[in-house]
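# Observations on the model geometry
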Amino acid sequence: MTVRLRYAPSPTGDPHVGNIRTALWSWLHARRLGGAFVLRLEDTDQSRAVEGSLQRIEDSLRWLGMEWDEGPDEGGPYGPYVQSERLERYHEATDRLLAADDAYRCFCTPGDLREMREQQRASGQPPGYAGRCRALDPDEAASRATAGESHVVRFKMPNEGSTTFEDMIRGPITYENRVLDDFVMLKSDGFPTYHLAHVVDDHAMEITHVTRGDEWIPSTPRHVRLFEALGYEPPVFVHTPVILGPDGGKLSKRHGAKSVLDYAAEGYLPEALCNFLAIIGWALDDSTEILSKDELIASFDLARLNPAPATFDTEKLEWMNGVYMRSLSLGDLAGRFAQRLDDDLPAEVARPLDAGLVDAFTPLIQERVKLLSEVAPMTDFFFASDVEVAEPGEFIARGMRKTPERAAPALKAAVAALEPLAAEWRTEPLEAALRALAEELGLRAGDLFMLCRVAVTGKRITPPLFETMEIVGAAPSLARMRAAVPVLAAAYPSDAPDAVEGGEDAGGGESGS
Ligand code: GLU
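Now for a description of the structure that goes with this document. Nothing here was measured: the structure is a model prediction, and the numbers come from that model.

Rules used throughout
- Residues numbered from 1 in each chain as written.
- Predicted model: local features only at pLDDT ≥ 70, side-chain atom pairs only at ≥ 80, totals over all residues.
- Heavy atoms only, no water.
- Axes fitted to C-alpha atoms, helices over the stretch in contact; angles between N-to-C directions.
- Helix = DSSP H or I, 4+ residues; strand = E, 2+ residues; numbered from the N terminus.
- Parallel < 35°, antiparallel > 145°, perpendicular 65-115°, else oblique.
- Contact = heavy atoms within 4.5 Å.
- Nonpolar A, V, L, I, M, F, W, Y, C, P; charged D, E, K, R; others polar.
- Buried < 20%, exposed > 50% of the residue type's maximum accessible area, 1.4 Å probe, protein only.
- Near = heavy atom within 4 Å.
- Polar contact = N/O pair within 3.5 Å; in protein donor to acceptor, adjacent residues only side chain to side chain.
- Areas by Shrake-Rupley, 256 points an atom, 1.4 Å probe, with all protein chains shown as cover.

### Overview of the packing of helix H13 (residues 355-365) against helix H19 (residues 465-472)
At a closest axis distance of 10 Å, the pairing of H13 and H19 adopts a crossing angle of 175°. Relative to H19, the element H13 lies roughly antiparallel. Residues Leu357, Ala360, Phe361 and Leu364 of H13 form the contact with H19, whose participating residues are Glu467, Thr468 and Ile471. Considering only residue class, the contact of H13 with H19 consists of 5 nonpolar, 1 polar and 1 charged.

This is the structure we're talking about:
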């Protein structure tokens, strides 16, 4: 028999990384064994449903490249894959259990239950349904229900003995039945609880492995009893450990408790996030960290999960993203840059974007960007017909802070030195000319380059200057440099003796080239 695993999210918002990691592990396991990966929407708690969740869930899976074989939109042999469209199946199971005296109708009101809890608290008894309606005559209960009295249906747990189930990564787990109360399986609104819906659907969809967070462990003995009462073979249970924040506590928003789509928006590569998530709590060996999707599919095994909680290490994710960014082919990377730029560049920039331009600057920034979201701020000037002249202070690099009045004449001299190169506007002659000029003027080369960089790009931190100027082209580069000269001259007239106060030197940029 081939394996069948499922991802069964509730539509309560965007899937978070912990939830998706479990889905990813299931997907990898199914793919390695050539089985099926099923998407099922668990929308039986209508009060918690968030509009648009299914779309966001599907977008998250698609972005990560986790295609599914059966699901709400694509259907499949076990559909429908949305629980609210499967109500008759839950009712059929409930009727069967009522008829077999494995379940009963409960008419306790919220007020009754509150009172019961208070009594339990006062007398130091464990919480849980005390079983008042268990003793009702079933026929009488049925006629009260027919008369329209509000009620739920509870499953009859055995009062004595114990229930043991096998968790694939933790081994056998046993619960005493007396601590397990008669849980609600069908709610008063006619919708099933998770307990009933999970059992009915995982059986009906022939799911072989139920992978879910370990917060479900205490519910599992109930599920096992329910499977048994319905005459179903239970699946293999795999309860995945929680992901902890770096401080050992719960994941916080800053450290990973974010949705997958947040990571997409921040500019992470899906390959990097997949790799990163797959190895939180699973390892191929003692040292391998970078594993492509194919390598993960070939080697991942649920049976080898570590049951101990693992930590979310944001720095490692960032590092890993950089590794993937640098390992992509230039063509692939340029395609992703172009796609991202299409989203991020302002509407004034003509579409479709100039693909040749993206191809030209991609090699210049491959080593410099850690996130796709950094590309537009770093390269927007390539797409602009004009850049606004930056604040005068931006032009002044460290070595010129005490003599900013040299800025305007130096930039003017740079224009004069580069004008004759318009016909051979390439990296090497540009660099040679500017280095020679710096020497002639007695300026630190980096100070002169900063003037040109900020003039041409509007920024202090850019791709390598001369390559950048080559791509921008002779006429626009020279025009931008010319436009900056009067601004610098006005800010730092050559008779002004004072230095720029508080000039910030970012220290980055293209020092040295
Ligand atoms: N709908 C449940 C949840 O989102 C799924 C648990 C499970 O995978 O069985 O928590």
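Picking up where we left off.
### Brief notes about the environment of Asn159
Mapped onto the elements of the fold, Asn159 is located in the loop between strand E4 (152-155) and strand E5 (162-167). Taking relative accessible area as the criterion, Asn159 reaches 53% and is therefore assigned exposed. Taking the C-alpha atoms as reference points, Asn159 and Leu443, 284 residues apart in sequence, are found 89 Å from one another. Once residues within four sequence positions are removed from consideration, Asn159 is found in contact with Arg134, Asn177 and Arg178.

### A few points about unusual backbone geometry
A cis amide bond links Gly79 to the next residue, Pro80, at an omega of -5°. Mapped onto the secondary structure, Pro80 falls in the loop between helix H2 (53-64) and helix H3 (87-99). Unusually for a residue other than glycine, Asp101 sits at a positive phi of about 65°. Following the sequence through the fold, Asp101 ends up in the loop between H3 and strand E3 (103-106). At Glu206, a position not held by glycine, the phi torsion is positive, near 55°. One can find Glu206 in the loop between helix H6 (194-204) and strand E8 (209-213).

### Some details on the site of the ligand
Surrounding the ligand, one finds Arg6, Ala8, Pro9, Ser10, Glu42, Tyr194, Thr211, Arg212 and Trp216. Here a nitrogen atom of the ligand and a backbone polar atom of Ala8 are 2.9 Å apart. Its free accessible area being 290 Å², the ligand has 82% of it covered by the protein chains. Taken together, the residues of the shell around the ligand sort by class into 4 nonpolar, 2 polar and 3 charged.

So, to be careful, I would describe these as geometric facts and stop short of saying anything about function.
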